[in-house]
Amino acid sequence: GQQVMQIPQYQHVQEGEDFTTYCNSSTTLSNIQWYKQRPGGHPVFLIQLVKSGEVKKQKRLTFQFGEAKKNSSLHITATQTTDVGTYFCAGNLIQGAQKLVFGQGTRLTINP
Amino acid sequence: DAMVIQNPRYQVTQFGKPVTLSCSQTLNHNVMYWYQQKSSQAPKLLFHYYDKDFNNEADTPDNFQSRRPNTSFCFLDIRSPGLGDAAMYLCATSRDYPGNTDTQYFGPGTRLTVL
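Residues numbered from 1 in each chain as written. Chains lettered and ligands numbered in written order. Predicted model: local features only at pLDDT ≥ 70, side-chain atom pairs only at ≥ 80, totals over all residues. Heavy atoms only, no water.

Colleague: Quick one: what's the story with the overall build of chain A, residue by residue and with numbers?
Modeller: A tally of regular secondary structure across chain A gives zero helices and 11 strands. When the helices and strands of chain A are read in sequence order from the N terminus, they spell out β-β-β-β-β-β-β-β-β-β-β. Here the C-alpha atoms of chain A give a radius of gyration of 13 Å, agreeing with the 13 Å that 2.2 N^0.38 yields for 112 residues. Taking all 112 residues of chain A together, 46% fall into the buried category. Carbon and sulfur atoms provide 51% of the accessible area of chain A, an area that totals close to 5,500 Å². Within chain A, one finds 11 positive and 6 negative side-chain charges whose respective centroids are separated by 10 Å. (Helix = DSSP H or I, 4+ residues; strand = E, 2+ residues; numbered from the N terminus. Rg over C-alpha atoms; globule rule 2.2 N^0.38 Å. Buried < 20%, exposed > 50% of the residue type's maximum accessible area, 1.4 Å probe, protein only. Areas by Shrake-Rupley, 256 points an atom, 1.4 Å probe, with all protein chains shown as cover. Lys, Arg positive; Asp, Glu negative; His and termini not counted. Charge placed at Lys NZ, Arg CZ, Asp CG, Glu CD.)

Colleague: Run through the nonpolar core, naming residues and quoting values.
Modeller: Core analysis: the biggest nonpolar cluster contains 20 residues, and Trp34 and Phe63 of chain A have the highest contact counts within it. Going through the elements one at a time, strand S3 (19-25), strand S4 (31-37), strand S5 (44-49), strand S7 (61-65), strand S8 (71-76), strand S9 (85-92) and strand S11 (106-111) of chain A are the ones with two or more residues in this core. Core analysis: the second largest hydrophobic core is formed by 18 residues, Leu21, Tyr49, Phe64 and Val114 of chain B among them. (Core = buried A, V, L, I, M, F, W, Y, C linked by side-chain atoms within 4.5 Å.)

Colleague: Let's hear about the environment of Leu83 of chain B: which residues, and what values?
Modeller: All names here are of chain B. As for its placement among the helices and strands, Leu83 is situated in the loop between strand S8 (73-78) and strand S9 (87-94). Residue class for Leu83 comes out exposed when judged on its relative accessible area of 56%. With 67 residues separating them in the primary sequence, Leu83 and Gly16 have C-alpha atoms 9.1 Å apart. When residues no more than four places from it in sequence are discounted, the contact partners of Leu83 are Phe15, Val114 and Leu115. (Contact = heavy atoms within 4.5 Å.)

Colleague: Describe the pattern of salt bridges, with residues and values.
Modeller: Enumeration over the complete set of coordinates arrives at six salt bridges over all chains. Between Lys99 of chain A and Glu57 of chain B there is a salt bridge; the shortest N-O distance is 2.5 Å. Taken as a pair, Lys99 of chain A in the loop between S9 and strand S10 (101-102) and Glu57 of chain B in the loop between strand S6 (53-56) and strand S7 (64-67) lie in two separate chains rather than in one. You can call Glu57 of chain B buried: its relative accessible area is 13%. Two residues, Asp59 of chain B and Lys44 of chain B, come together in a salt bridge whose shortest N-O distance is 3.4 Å. With a gap of 15 residues between them, Asp59 of chain B in the loop between S6 and S7 and Lys44 of chain B in strand S5 (residues 44-50) connect regions that are remote in the sequence. By relative accessible area, Lys44 of chain B is classed as partly exposed at 31%. (Salt bridge = Lys/Arg side-chain N within 4 Å of Asp/Glu carboxyl O.)

By themselves these figures say nothing about function.
Written as structure tokens, this is what we have:
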């Protein structure tokens, strides 16, 4: 079945350092969504990318969708302790797909 | 205001004793999903409803059943819980399918412990 691969699985940084997580699909995606799950919490929607080459920013977070719509990245500039959590990408293979295909997630921990 | 509500937040059951988890939503969304999430893993989809249409994932064990009596409520029934069923169970809703660019709203989850 379709798989969305996400790396790294874990990332530990010092507060103030940057962080990036990458998502790759073997097939073209219709769109990709990013979710954040705090420790002990539930996934919360962050953003959705639809267009080839799309870049979106939310304060210190930058999201990119590759030109071929097969990969995506989330970059956090100058991490803060509030950024701690697991970041999941979730792709849709085709328009009208009934379900999200989640990546494995990247767990971010931060040393204050 | 809570939009996707799950009860109870914590559930303890005994091996083999049936248990029901509930989910309700105030969003009037068409789609309701049930996920199972184990520690350090991504949510795993069990099944979903689009309105009253039930869609089961191929690898969801028969032990897991679901009911959606109306738009607002959806239930997850585990007929004979095993130790391997201990997990966080997440309910999510969306107006339409994610392939149509709709996003999912997750409830806070029910953490199930099986003794």
